[in-house]
Amino acid sequence: MSRVQVPCHIKGAVALQVGDVRTVQGRPGVLVIDVTFPTAGPIELQEITFKNYYTAFLSIRVRQPGSPNKWITCLRDYCLMPNPHNEEGAQDYVSLYKHQMLCDMEKVLELRLILRQPSPLWLNFTLEDLQFFQHGPQSPSSAFTKWLSHPAPYEQPALLLQQALPDPDKVSSEVQQMWMLTEMIRANRTTARIGRFDVSCPAASAFSPLALTWPGLTSSVCVTGGWLL
Amino acid sequence: MLQEEEDLSLTIAHIVQKLKGSRLYSQLERQAWVSLQKPEIKLESLKEDIKEFFRITGWEKKLQNAVYSELTVFPLPRHPAAPPEHLKEPLVYMRKAQGSWEKRILKSLNSMCTELSIPLARKRPVVEQKELLNKWNEMGTDEPDLSLFRPVYAPKDFLEVLINLRNPNYENGDHLNLRTHLGLIQVPLKVKYISELKDYFIELSLNTGQLGIDDATQVPPELFENEHVRLGQKVLAEQDSAAAQQYVRQGSPTALRAELWALILNVSNQPEDLLYYEQLKSNVIQHDLLVDSLIYKDVKLTASNDDYYFVFEDYLYQVLLCFSRDTSVLGHFAYNSASPPKSYIRGVIPFHGFSMYVAPLCFLYHEPSKLYQIFREMYVRFFFRLHSISSHHSGIVSLCFLFETLLQTHLPQLFYHLREIGAQPLRISFKWMVRAFSGYLATDQLLLLWDRILGYNSLEILAVLAAAVFAFRAVNLMEVTSLAAAEAVLADLSTLKVMPLLQIFLFATVT
């Protein structure tokens, strides 16, 4: 599932408060962040990611080209902090996907994020690192990778050894499979430690299991080499 | 639904990648090759036949245990955008606090080094190596001059750091108001209420049998104990980690405890592990680290003076000296909020009382390499949380906060009284929790407590026990008038029985 980040313009958070901001004590509990997409037209929104900073609830409203004067709610009171007074979830990384939204996100002109933090304990709250993604182009067909991940079964070359020379096509395909296996092992790097037998050169570790599992092949390769010379 | 499936496949991919490089993977592969020669394995149904073969020969169980161990120990990667520091500790201010604490420890260590002009590490001359090898099993008889060494830090220094922990986004205020916490910890972490604790520790409830209560001499063993022991033997025969973890919540019989703990921690006696221990031992013999002197000093100050543990002094040296050189311990720093120092000492810096984590295990395991592995597993699962600053629910900060919350909620008069006389309860109970009560309780009671730590995979029971001890001695504590007197009331815990205290506090206290 590939995705492409959409460049966006995020306007600064606006606090909503009842009464005069200067004289009233206490901090605002609601912030609104407006997001527009100036370069792209109406986009198809796939995913929204951000880092939370002490926001308890998030609502999202979108404006779509079908009804440009109406704001449609696509996410209502999504809980980011299970208990607004505690630190749980306060600084987590969150992703919101298309399938979690209440309305379809086919064409989005503008987004409005409504942040709520009802607890008076926190001095500030916001969302950081807001990023928006849309569907990327499809990855190229994976016929090549299928060949790598499902190798043809190894065939017994016992009959070949009894003949004078092995079939060159067969041998060349087996050499191809051997090469493919080394590529697979090289790609299959694991994070677990091998311990005191740490080998730094990946090629060296690739060839030793091959020698064990393809004994017949190495002898037939040597025969082929002699024939080619 | 889609998200859960994606999360599940991510989890599976993550665990498969982790296990692919392990010894178990190569053993399974070898077994699969061997099984091909058996007549039951047919080419048409190869996959199913091999799976059946694994199931019959017990290899599937081993794989299950390995997967369970991975799931329990390592937290899964939470979000692709989250950096690795976020996995260690999500809250930024705690990471900063831990970083500055580590800098302080390292500075203190370096200044001690320069003061005493001792190198951080040096290679031992051959004569000294031979001598140490001969004396390996009786290092306790060595009496090096350690008078100039002092422990890098003690639990009370760490407590001061935790008391000063502040969230910059939290409204603390200079004056006392409704938002200031009455206890010492001033960060609003999520801790469980007593109703949540009752659900969490349901196996400790009044109508479930417990070892530590229902195996007393007055209780006939047919009621609970015999059946429990039989069940334990069955669990060991099955070799199932998850079942053992569930079983041990009700306590583990003394005869089966060593094997049960090894099963839960997924520690088996493989020749490779013995080889690894021998390699660490040779590292100890070849190089002398400054940390070794600190370990010597700590053992001499704590375990050697303890009535129960002084006999194990030699074992403690053998385990701890190897532990300070074990680089596989560095793997746990991925989910520990602490980081290893970027100097010669690539590991854990011991503090005063560190050796008490190992001492109770000496009662269970007599072979140094097995003892070492068990201690290492226990450390990277539990004990590291007791001396690093983190918001994890089993971290020491949460435990302290849980203790204070429980005490305030259920014994408000006692809490207020102690606060008024200047004896904040956390100042007394902190040292118990940091050491997981080792050295304060009688050994059999301590092992029963550690059974539950393994069973629930969490250290919260330490905070509950600390509150329960205060509740038990509440009457005496209400009459004291100073911190010293309060400490005297709570000085001796060796006569306490852990399980009745926990049961009464959780399930039988009128709230």
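Model, not experiment: these values are computed from the prediction.

Caption draft 1: Fine view of the overall build of chain A. Each helix and strand in chain A was counted, giving five helices and 10 strands. Taken over 229 residues, chain A has a buried fraction of 33%. Restricting to contacts in chain A with at least 6 residues of sequence separation, those with at least 24 account for 77%.

Caption draft 2: View of the nonpolar core. Residues and elements named next belong to chain B. Core analysis: the biggest nonpolar cluster contains 188 residues, and F375 and I396 have the highest contact counts within it. Of all the elements, helix 21 (residues 460-472) adds the most residues to this core, at 10 residues. Apart from residues no more than four positions distant in its own chain, F375 is found in contact with V319, L320, F323, F354, Y357, V358, L361 and F383. Among the nonpolar cores identified, the runner-up in size contains 11 residues, and I15, L24, I41 and W59 belong to it.

Caption draft 3: Spatial organisation of the packing of aromatic side chains. Overall, the coordinates contain 34 aromatic pairs over all chains when judged by the stated rule. With 5.7 Å between their ring centres and 80 degrees between their planes, F351(B) and F354(B) make a pair best called edge-to-face. Take F351(B) and F354(B): they sit in the same class, and that class is buried. In textbook terms, an aromatic cluster arises when at least three aromatic residues are bridged by ring pairs, as seen for W101(B), Y153(B), F158(B), F323(B), F351(B), F354(B), Y357(B), F375(B), Y379(B), F383(B), F430(B) and W450(B). The ring of Y93(A) has K51(A) lying over it, and the distance from NZ or CZ to the ring centre is 5.8 Å. Its end group placed over the ring of W71(A), R112(A) keeps NZ or CZ at 4.4 Å from the ring centre.

Caption draft 4: Quick peek at a nonpolar patch on the surface. Taken together, W33(B), L36(B), L43(B) and L46(B) make up a surface patch of nonpolar side chains, about 430 Å² in accessible area. Within the secondary structure, L43(B) is located in the loop between helix 2 (23-35) and helix 3 (46-57).

Caption draft 5: Seen up close, helix 3 (residues 168-187) of chain A. Between the first and last C-alpha of helix 3 of chain A there are 29 Å, a value that for 20 residues agrees with the 28 Å anticipated at 1.5 Å per step. For helix 3 of chain A, the full list of buried residues reads V171(A), E174(A), Q177(A), M180(A), L181(A) and T182(A).

Caption draft 6: How the structure looks around the sheet that holds strand 5 (residues 45-53) of chain A. Residues and elements named next belong to chain A. Pairing is antiparallel in the open sheet, where four strands are placed in the order 1-10-5-8. Across the chains shown, the open sheet's two edge strands, defined by having one partner strand only, are strand 1 (3-5) and strand 8 (93-97). Here the strands of the sheet are splayed against their neighbours by 30 degrees on average, with no regard to which way each runs. In the sheet, strand 5 pairs with strand 10 (residues 126-135) via seven bridges, with the strands oriented antiparallel. Its bridge partner lying in strand 10, Y53 is registered against T126.

Caption draft 7: Highlighting the side chain of Q503(B). Considering the arrangement of structural elements, one finds Q503(B) in helix 24 (residues 498-507). Not counting the four nearest positions on each side in its chain, Q503(B) is found in contact with L204(B), S205(B), L206(B), T208(B), Q210(B), I213(B) and A508(B).

Caption draft 8: Structural view of the domain arrangement of chain B. Parsing chain B into structural domains produces domain 1 (1-77) and domain 2 (91-150 + 286-383). The distance between the C-alpha centroids of domain 1 of chain B and domain 2 of chain B comes to 36 Å.

Caption draft 9: Molecular detail of unusual backbone geometry. Positive phi outside glycine occurs at Y54(A), with the angle close to 65 degrees. Mapped onto the secondary structure, Y54(A) falls in the loop between strand 5 and strand 6 (57-64). When its relative accessible area of 0% is taken as the criterion, Y54(A) is described as buried. For N266(B), which is not a glycine, the phi torsion comes out positive at approximately 55 degrees.

Caption draft 10: Looking closely at the interface of chain B and chain A. Between chain B and chain A, the residue contacts involve 33 residues of the former and 31 residues of the latter. When the buried surface of chain B facing chain A is broken down by residue, H79(B), N169(B) and K190(B) rank first, second and third, together holding 22% of it. Applying the counting criterion to the chain B and chain A interface returns zero salt bridges. Across the chain B-chain A interface, the total number found is eight residue pairs in polar contact (both at pLDDT 80 or more).

Caption draft 11: Molecular detail of helix 17 (residues 396-410) of chain B. Residues and elements named next belong to chain B. Compared with the 21 Å implied by 1.5 Å per residue over 15 residues, the 21 Å span of helix 17 between its first and last C-alpha is a close match. Counting buried positions along helix 17 yields 12 of 15 residues, so the element is predominantly enclosed. Among the residues making up helix 17, those that are buried are I396, V397, S398, L399, C400, F401, L402, F403, E404, L406, L407 and H410.

Caption draft 12: Representation of the pairing of strand 5 of chain A within the structure. All names here are of chain A. Most of strand 5 sits inside the fold, with eight of its nine residues counted as buried. Looking at chain direction, strand 5 and strand 8 are connected through five bridges and run antiparallel. Bridged to T49 within strand 8 is S95.

Caption draft 13: Spotlight on the confidence of the model for chain A. Residues and elements named next belong to chain A. Confidence in the prediction of chain A, expressed as mean pLDDT, is 74, and 66% of residues score 70 or more. This model gives residues 155-160 a pLDDT under 50, and the stretch forms six contacts once residues within four places in sequence are excluded. Note that residues 198-229 has pLDDT below 50 and, in this model, 28 contacts with residues that lie over four places away or in other chains.

Caption draft 14: Local environment of the pattern of salt bridges. Residues and elements named next belong to chain B. As enumerated under the stated definition, the model contains 26 salt bridges over all chains in all. Notably, a salt bridge pairs E460 with K192, separated by 3.1 Å at the nearest N-O pair. One end of the pair, E460, is in helix 21; the other, K192, is in the loop between helix 8 (155-163) and helix 9 (194-200), and 268 residues separate them in sequence. Taking the relative accessible area as the measure of exposure, K192 reaches 21% and is therefore partly exposed. Notably, a salt bridge pairs K300 with E313, separated by 2.7 Å at the nearest N-O pair. One end of the pair, K300, is in helix 14 (residues 290-301); the other, E313, is in helix 15 (residues 313-323), and 13 residues separate them in sequence. Here the salt bridges do not stand alone but share partners, grouping R122, R124, E128, D288, D292 and R325 into one network.

Caption draft 15: Structural view of the packing of helix 17 of chain B against helix 19 (residues 425-434) of chain B. Residues and elements named next belong to chain B. Where helix 17 contacts helix 19, the two axes come as close as 11 Å, and the packing angle between them is 135 degrees. Comparing the axis directions of helix 17 and helix 19 gives the class oblique. The two elements helix 17 and helix 19 cross, and the hand of that crossing is right-handed. In contact with I396, L399, C400, F403, E404 and L407 of helix 17, helix 19 contributes P425, L426, S429, F430, M433 and V434. Residues belonging to the contact of helix 17 with helix 19 are distributed by class as follows: 10 nonpolar, one polar and one charged.

Caption draft 16: Representation of a negative patch on the surface in the model. All names here are of chain B. Among the surface-exposed residues, E4, E5, E6 and D7 lie close enough to one another that they form a single negatively charged patch. Here D7 shows up in helix 1 (residues 2-20). A relative accessible area of 39% places D7 in the partly exposed class.

Calculation rules
Residue numbers here run from 1 along each chain, matching the order of that chain's written sequence. Going through the entries in the order they are written, you letter the chains from A and number the ligands from 1. Owing to the predicted nature of the model, reporting of local features is limited to residues with pLDDT of at least 70; listing and counting of side-chain atom pairs is limited to 80 or more, with chain, interface and lining totals taken over all residues. Where side-chain values are given, they derive from all heavy atoms of the structure, hydrogens and water being excluded. Only runs of H or I of at least four residues qualify as helices and only runs of E of at least two qualify as strands under DSSP, and these elements are numbered from the N terminus. Accessibility here uses a 1.4 Å probe with only protein chains present; expressed as a share of the type maximum, an area under 20% marks a residue as buried, one over 50% as exposed, and anything in between as partly exposed. The contact rule is simple, with two residues in contact once any of their heavy atoms fall within 4.5 Å. We call a set of buried Ala, Val, Leu, Ile, Met, Phe, Trp, Tyr and Cys residues a nonpolar core when their side-chain atoms join them within 4.5 Å. Here a Phe, Tyr or Trp ring, Trp counted by its six-membered ring, pairs with any other such ring whose centre lies within 6.5 Å, and the pair is stacked when the planes are under 30 degrees apart, edge-to-face when over 60, and tilted otherwise. Over a ring means this: the NZ of a Lys or the CZ of an Arg is within 6 Å of the ring centre and within 35 degrees of the ring normal. The patches reported here contain residues having more than 30% relative accessible area and no salt bridge. Joining distances are 9 Å for like charges and 5 Å for nonpolar side chains (Val, Leu, Ile, Met, Phe, Trp, Tyr). Surface accessibility in these figures is a Shrake-Rupley result with a 1.4 Å probe; residues are shielded only by whichever protein chains are displayed. One side-chain nitrogen of Lys or Arg within 4 Å of one carboxyl oxygen of Asp or Glu is enough to make a salt bridge. To estimate how far a helix should reach, multiply one less than its number of residues by 1.5 Å. Here a strand pair is declared whenever DSSP counts at least two bridges between the two strands. Under this scheme, a helix contributes an axis fitted over its contacting stretch, all axes are lines through C-alpha atoms, and angles between N-to-C directions fall in the 0 to 180 degree range. By convention here, the domain bounds are inherited from an automatic or database domain assignment. When two parts are put together, the accessible area they lose, computed with a 1.4 Å probe and summed over both, is reported as buried area. Two N or O atoms count as a polar contact when they lie within 3.5 Å, although within protein this holds only if one can serve as hydrogen donor and the other as acceptor, and sequence-adjacent residues are included solely when both atoms are side-chain atoms. As a per-residue quantity, pLDDT reports the predictor's confidence and falls between 0 and 100. By the definition adopted for this analysis, an angle is roughly parallel if under 35 degrees, roughly antiparallel if over 145, roughly perpendicular if from 65 to 115, and oblique otherwise. Should the near helix be turned counterclockwise from the far one by less than a right angle, the crossing is left-handed, whereas a clockwise turn marks it as right-handed. Polarity classes work like this: nonpolar for Ala, Val, Leu, Ile, Met, Phe, Trp, Tyr, Cys and Pro, charged for Asp, Glu, Lys and Arg, and polar for all others, with Gly in that last group. All tallies of charge rest on Lys and Arg as positive and Asp and Glu as negative; His and the ends of each chain are not included. In plain terms, the charge of a residue is placed at NZ if it is Lys, CZ if Arg, CG if Asp and CD if Glu.

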